[in-house]
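Here are the chains, one letter per residue:
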Amino acid sequence: MKTQKGACVPPGGTQAPQSVKKLGSSPLFWYNKEKGAFTMEEWKRDTRKEVVITDLDALVPQEHLLRKIEKVMDYEWLYERLSPYYCHDNGRPGTDPVVLIKMVLIQHLFGIPSLRQTYREIQVNLAYRWFLGYSLLDEIPHFATVSYAFCKRFPPELSEEIFAHILNKAINHRMVDASAIFIDGTHIKASANKKKHQKEQVVKAAKIYEQQLREEVNAEREKLGKKPVDDDDDDNENGQGGGGTVEKTVSTTDPDCGMFVKGEHERQFAYEAHTASDRKGFILGVHVTPGNVHDSVAWDPLYDDVTARFPNVEFVTMDSAYKTPWIAKKVLDDGRIPILPYTRYNGKKDRFRSWDYTYDESTDSFTCPFGKTLRHTTTSKDGKRTYRSTPEYCRNCPCREVCGANEKGKKVLQTHIWQKYLDLVEQLRKTAVGKEVYAQRKETVERIFADAKEKHAMRYTHHRGLARVANWVRLKYAAMNLKKLAVWSWKHPVFSLIFSFFSLEQKRTVPILCG
């Protein structure tokens, strides 16, 4: 007779009791050979209500990101800046404004979607409480208090000042390399239902370079014996705008956002953050516009702001959306080098292309591949030069179809009045330096957009209105710069010593602000 395990026992006998083997010196489990299973010795004792004497500082890891940030940040300037917005002689004590700002920084540093969720996370996160300077039992300021402070109490330019202050810290410690800047834009989904909209007639906005272009166009038209273009030709009834109106889709939920065509069929209301960065990935400036504003239109204020702060910029790197005659002209006239990509030819492949014609600057004319001349006849108000051939020479030309001339032998070729700047940009693109600098886009501004959306919750915004969204983006970019600044300072202790020295020099008693 055999047992289940195959052990032999005498007929009519009983199986001898199996020995129990103990695993280890102090095991939590026992192994029973007879049952072939583990049995638990005892449950782990519940210590969740055990009283432990410690402090909050000991519970936060030494290499936590917020510890690194606390080493490099100073807040004395914030108390001085916000002191006029609090009453000091009456009323109940107000919430520390630096605590409110820190709560917003926590939201953007760790990609928390909303202030409401940030408030809940701070309640249970020891590192967040430590960063705010609160103990385990202190009550966290309500998220409505934070929202009210930024919407009603704090000055509108505070977010821009925080961004500039953090960027200046990086500049002072030589972490910023603005010899080359990279400009691009990314869309942020707006808090608006794309089905709730209406059509409106909007006056076309005047271009920044309109006056300068008009002067050069009129000078050429005068040489050609043409009537000059009047300044009022494109103005509306009030003398403002770029002339005429255009129909736009306006959201009834958030009128400040713009309809953005995403892909071939997808449409959504969005904002666009036009961003400039340096070689090392620090964000140097941002300009927020509705999502339907073209990159080249929003380029001027961003470029002017960044170059005013960093006059030593040598290279300005952009994608094909910025490849316009005005942008090429302005950058080259400023003594800088524009780096722009190759753009595919959109004309017919079985026709002569624009570079097949030779330009003669002395006579201001083009020569076709068969030696015929195209004369400059007029210049439009948009800066387009028109060159026309002589019909009697082209009417019987065997290559008339390849040339693109009509049956009467008229061939028309158009170029921009600032075409020479685009031609120079095309030559710079082919240089070794141009290729090397343009390749850094994916490591700088494109990496910033990827991190902002994946790690810092910038794919969409809960805010409505252009001003609020702009402040929200600046604070998010300020947090990203602060994170990079803190991490780099931690890796290089020399920077940490410098920050610690200045922090000790600036320490003073924190004032009590009353609401």
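(A) Geometry of the pattern of salt bridges. According to the stated counting rule, one finds 20 salt bridges in the structure shown. Between arginine 429 and glutamate 426 there is a salt bridge, and its shortest N-O distance comes to 2.7 Å. With arginine 429 and glutamate 426 both in helix H14 (residues 419-429) and three residues apart, the pair spans about one turn of that helix. Judged by relative accessible area, which is 21%, arginine 429 ranks as partly exposed. Between arginine 447 and aspartate 451 there is a salt bridge; the shortest N-O distance is 3.3 Å. In this pair, arginine 447 and aspartate 451 both sit in helix H16 (residues 445-454), four residues apart, roughly one turn of the helix.

(B) Looking closely at the sheet that holds strand E14 (residues 373-379). In space, the five strands of this open sheet follow the order E12-E13-E14-E15-E16, with antiparallel pairing throughout. Sheet topology places strand E12 (358-360) and strand E16 (412-416) at the edges, where each strand pairs with a single neighbour. Sheet twist, expressed as the average angle between the axes of neighbouring strands with direction ignored, equals 30 degrees. Here E12 runs beside strand E13 (residues 365-367); their pairing, made up of three bridges, is antiparallel. In the sheet register, aspartate 360 faces E13, and the bridge partner there is serine 365.

(C) Representation of the packing of helix H8 (residues 158-172) against helix H17 (residues 466-491) within the structure. Two elements in contact, H8 and H17, have axes separated by 9 Å at closest approach and are oriented at 20 degrees. As summarised for this structure, H8 and H17 are arranged roughly parallel, according to the angle between their axes. Crossing handedness for the pair H8 and H17: left-handed. Side by side, H8 and H17 meet where Ser159, Glu160, Ile162, Phe163, Ile166, Leu167, Lys169 and Ala170 of the first sit next to Asn471, Arg474, Leu475, Tyr477, Ala478, Asn481, Leu482 and Leu485 of the second. Its residues assigned to classes, the contact of H8 with H17 shows 10 nonpolar, three polar and three charged.

(D) Just the confidence of the model for the protein chain, in detail. Within the protein chain, residue pLDDT values average 84, and 84% of them lie at 70 or more. Confidence drops under a pLDDT of 50 for residues 234-239, and excluding neighbours within four residues, the segment shows 12 contacts in the predicted structure. Below a pLDDT of 50 lies the segment residues 502-515, which in the model reaches 31 contacts outside its immediate sequence neighbourhood of four places, other chains included.

(E) The arrangement of the packing of helix H4 (residues 97-109) against helix H5 (residues 115-124) in detail. Packing of H4 against H5 leaves a shortest axis separation of 10 Å and a crossing angle of 100 degrees. The angle between the axes of H4 and H5 places the two elements in the roughly perpendicular class. Facing H4, whose interface residues are Met103, Val104, Ile106 and Gln107, H5 presents Leu115, Thr118 and Ile122. For the contact of H4 with H5, the class distribution of residues is five nonpolar, two polar and no charged.

Scoring rules and cut-offs
Residues numbered from 1 in each chain as written. Predicted model: local features only at pLDDT ≥ 70, side-chain atom pairs only at ≥ 80, totals over all residues. Heavy atoms only, no water. Salt bridge = Lys/Arg side-chain N within 4 Å of Asp/Glu carboxyl O. Helix = DSSP H or I, 4+ residues; strand = E, 2+ residues; numbered from the N terminus. Buried < 20%, exposed > 50% of the residue type's maximum accessible area, 1.4 Å probe, protein only. Pairing = 2+ DSSP bridges. Axes fitted to C-alpha atoms, helices over the stretch in contact; angles between N-to-C directions. Parallel < 35°, antiparallel > 145°, perpendicular 65-115°, else oblique. Left-handed = near helix turned anticlockwise from the far one by under 90°. Contact = heavy atoms within 4.5 Å. Nonpolar A, V, L, I, M, F, W, Y, C, P; charged D, E, K, R; others polar. pLDDT = per-residue confidence, 0-100.

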